[in-house]
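Summary of structural features
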Amino acid sequence: MDRVALRGLKARGHHGVFPREREEGQTFIVDVVLGLDTRQAAASDDLAKTVHYGVVAEEVVAVVQGEPVDLIETLAERIAEQCLKHEGVQEVEVVVHKPDAPITVPFDDVTITITRSRV
């Protein structure tokens, strides 16, 4: 399985369980790694035989900016579902970073990582 990775996609969303998170929103950062077979695309030099990562990036940002959810686990699942809608994508790893999570101690980041596949 070949991999196409998009790292550091940033978007403002209103996800979280606390009213302040829902009202003010915060920045989320998303990494996705798409698993697909790129041999036909490489042999033919044809974008139609691979995944258009620019389109995927826009879709991921739209999910983050879209309907609020309580959990980043739910957000990651929605992103994975969107990525798997692309015909050639067989699996996806999604990492959602929540660097401004409402935690009372010093920290660098909070993440959830999920892997989903068509199988």
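This text goes with the structure placed above it.
Residues numbered from 1 in each chain as written. Predicted model: local features only at pLDDT ≥ 70, side-chain atom pairs only at ≥ 80, totals over all residues. Heavy atoms only, no water.

Contact geometry for helix α3 (residues 53-65) and helix α4 (residues 72-83): axes closest at 10 Å, N-to-C directions at 150°. With respect to their mutual orientation, α3 and α4 come out roughly antiparallel. α3 and α4 meet at a crossing whose hand is right-handed. Together, Val 56, Glu 59, Val 60, Val 63 and Val 64 of α3 and Leu 75, Arg 78, Ile 79, Gln 82 and Cys 83 of α4 make up the contact between the two elements. For the contact of α3 with α4, a count of residues per class yields 7 nonpolar, 1 polar and 2 charged. (Axes fitted to C-alpha atoms, helices over the stretch in contact; angles between N-to-C directions. Helix = DSSP H or I, 4+ residues; strand = E, 2+ residues; numbered from the N terminus. Parallel < 35°, antiparallel > 145°, perpendicular 65-115°, else oblique. Left-handed = near helix turned anticlockwise from the far one by under 90°. Contact = heavy atoms within 4.5 Å. Nonpolar A, V, L, I, M, F, W, Y, C, P; charged D, E, K, R; others polar.)

A few words on the sheet that holds strand β4 (residues 111-117). Taken in spatial order, the 4 strands of this open sheet run β1-β2-β3-β4, and their pairing is antiparallel. What marks the edges here is a single partner per strand, and that holds for β1 (2-13) and β4. For this sheet, the mean inter-axis angle between neighbouring strands, taken without regard to orientation, is 15°. Pairing analysis gives 7 bridges linking strand β2 (residues 26-36) to strand β3 (residues 91-97), with the strands arranged antiparallel. Residue pairing for β3: Ile 29 is matched across the bridge by His 97. Each of β1 and β2 touches α3; the most contacted strand, β1, lies at about 35° to it. (Pairing = 2+ DSSP bridges.)

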